[in-house]
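The lines below spell out each chain.
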Amino acid sequence: MAISHKAIQLIDQALDPLIESGCRIDQIKMVVAAGAEIADRGYVRTKAGVLKVETNSFVPRGRAYLIEDHYRGFNWVR
């Protein structure tokens, strides 16, 4: 499954402030709705590197957020 260019752009835009604030890509994950197609792969290639993808049944379909492992960074993917 290919991820759309628009989706990658939205993820990169949400990642930028986290990376600029000092969060490392290997400590950030994107949390998506359970059953989201993007979760099947388990990762996404971004301009900052490989981003882990996890599901959560409490995230509404069509929404996602980025969170850093040590809770120093958080951002919605819009």
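In case you missed it, the structure is sitting above this.
Predicted, not measured: the structure shown is a model, and the values here were computed from it.

Asks: Describe helix α1 (residues 5–20), listing the residues and the values that go with them.
Replies: Residues three or four positions apart in an α-helix share a direction because the helix packs 3.6 residues into each turn. Compared with the 22 Å implied by 1.5 Å per residue over 16 residues, the 22 Å span of α1 between its first and last C-alpha is a close match. Taken as a whole, α1 carries its principal kink of about 25 degrees at Ala14; the proline Pro17 stands between one and four residues after it. Of the residues making up α1, those classed as buried are Ile8, Ile11, Asp12, Ala14, Leu15 and Leu18. Looking at the packing, one finds that the buried side of α1 touches β1 (28–33), β2 (43–46), β3 (49–56), β4 (64–68) and β5 (74–77). A positive backbone phi angle near 110 degrees is found at Gly22, which sits one or two residues after α1.

Asks: Could you give an account of the sheet that holds β1, naming the residues involved and the relevant values?
Replies: Pairing within the open sheet is mixed, and its five strands lie in the order β2-β3-β1-β4-β5. Only two strands of the sheet have a single partner each, and these edge strands are β2 and β5. Strand-to-strand twist of the sheet, defined as the mean angle between neighbouring strand axes without regard to direction, takes the value 30 degrees. Taken together, the five bridges between β1 and β3 define a ladder with parallel strand orientation. Looking at the pairing, Met30 lines up with Val53 of β3. Relative to β5, α1 is tilted by about 165 degrees, and along the sheet it contacts β1, β2, β3, β4 and β5.

Asks: Summarise the layout of surface pockets; cite the residues concerned and give the values.
Replies: Considered as a void within the structure, the largest pocket measures approximately 400 Å³ in volume. Ala7, Val32, Ile38, Gly62 and Ala64 are, among the 19 residues lining the largest pocket, the residues nearest its centre. Among the secondary structure elements, those contributing two or more residues to the lining of the largest pocket are α1 and β1. Class assignment of the residues belonging to the lining of the largest pocket gives a composition of 13 nonpolar, two polar and four charged.

The rules behind these values
- Residues numbered from 1 in each chain as written.
- Predicted model: local features only at pLDDT ≥ 70, side-chain atom pairs only at ≥ 80, totals over all residues.
- Heavy atoms only, no water.
- Helix = DSSP H or I, 4+ residues; strand = E, 2+ residues; numbered from the N terminus.
- Expected span 1.5 Å × (residues − 1).
- Bend = angle between axes of the 7 residues up to and from the residue.
- Buried < 20%, exposed > 50% of the residue type's maximum accessible area, 1.4 Å probe, protein only.
- Contact = heavy atoms within 4.5 Å.
- Pairing = 2+ DSSP bridges.
- Axes fitted to C-alpha atoms, helices over the stretch in contact; angles between N-to-C directions.
- 1 Å grid on protein atoms, 1.4 Å probe; cavity = no way out; pocket = protein on both sides within 12 Å on 5 of 7 lines; lining within 4 Å.
- Points joined across faces, edges and corners; volume = space filled by probe spheres on them.
- Nonpolar A, V, L, I, M, F, W, Y, C, P; charged D, E, K, R; others polar.

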